[in-house]
Amino acid sequence: MALVVKDRVRETSTSTGTGTIILNGAVTGFQNFSAVGDGNTTYYTIVDAVTGDWEVGIGTYTAAGTTLSRDTILESSNGGAAVNFAANVKDVFVTYPAERAVYGNASNVVS
């Protein structure tokens, strides 16, 4: 299993609770999570625009059932813990979290 980051991967989900997310298909103009590859991990964000709940983490994509597990929560609107999502439609997308970013600061020092 490899960590894979792909561009323009975004699907919706109506999954509830704190467990695995069932993916409902790509948003128009975006790729499915299948671009990440079965069994691979990726950085993800989940956003519920109705409640304002959100979560950023590392998850594993599984082709069978088209699911994304929520293996490691990096940040969330629930104090860094898994969010107990409501049944609203949520956006689920691949992201590059700030917590894992490598960048040069104003003095061009890489951190």
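In what follows, the structure referred to is the one given above.
What counts, and where the lines are drawn
- Residues numbered from 1 in each chain as written.
- Predicted model: local features only at pLDDT ≥ 70, side-chain atom pairs only at ≥ 80, totals over all residues.
- Heavy atoms only, no water.
- Patch = residues over 30% accessible without salt bridge, like charges linked within 9 Å, V, L, I, M, F, W, Y side chains within 5 Å.
- Areas by Shrake-Rupley, 256 points an atom, 1.4 Å probe, with all protein chains shown as cover.
- Salt bridge = Lys/Arg side-chain N within 4 Å of Asp/Glu carboxyl O.
- Buried < 20%, exposed > 50% of the residue type's maximum accessible area, 1.4 Å probe, protein only.
- Helix = DSSP H or I, 4+ residues; strand = E, 2+ residues; numbered from the N terminus.
- Pairing = 2+ DSSP bridges.

Engineer: Kindly report on a nonpolar patch on the surface, identifying the contributing residues and their values.
Structural biologist: Residues Tyr96, Val102 and Val110 make up a contiguous nonpolar surface patch of roughly 330 Å² in combined accessible area. The class of Val102 is exposed, set by a relative accessible area of 57%.

Engineer: Explain the pairing of strand 4 (residues 54-62) to me, using residue names and the numbers behind them.
Structural biologist: The buried fraction of strand 4 amounts to 7 of the 9 residues, a majority that puts the element mostly inside the structure. Bridge count for strand 3 (residues 41-47) against strand 4 is 7 bridges, and the pairing is antiparallel. Bridge assignment links Thr45 to a residue of strand 4, and that residue is Val56. Turn length for the strand 3-strand 4 hairpin, with the two strands adjacent in sequence and antiparallel, is 6 residues, and the turn residue Gly52 shows positive phi of about 85 degrees. Of the pairings in the sheet, the one linking strand 4 to strand 6 (residues 72-76) comprises 4 bridges and is antiparallel in character. Each bridged residue has a counterpart across the sheet, and for Val56 the counterpart in strand 6 is Glu75. Bridging between strand 4 and strand 5 (residues 67-68) involves 2 bridges; their strand directions are antiparallel.

Engineer: Describe in detail unusual backbone geometry, supporting the description with residues and values.
Structural biologist: Of note, Arg8 is a non-glycine position whose phi angle comes to about 55 degrees, a positive value. Secondary-structure assignment places Arg8 in the segment before strand 1 (10-13).

Engineer: Any chance you could break down the pattern of salt bridges for me, citing the residues and the numbers?
Structural biologist: For the structure shown, the criterion picks out 3 salt bridges. A salt bridge links Asp91 to Arg10; the shortest N-O distance between them is 3.2 Å. Here Arg10 lies in strand 1 and Asp91 lies in strand 7 (residues 90-94), a separation of 81 residues in the sequence. In this structure Asp91 comes out as partly exposed when scored by relative accessible area, which is 24%. Here Arg100 ties to Glu99 by a salt bridge, and the two come within 3.7 Å at their closest N and O atoms. Residue Glu99 is classed as partly exposed on the basis of its relative accessible area of 42%.

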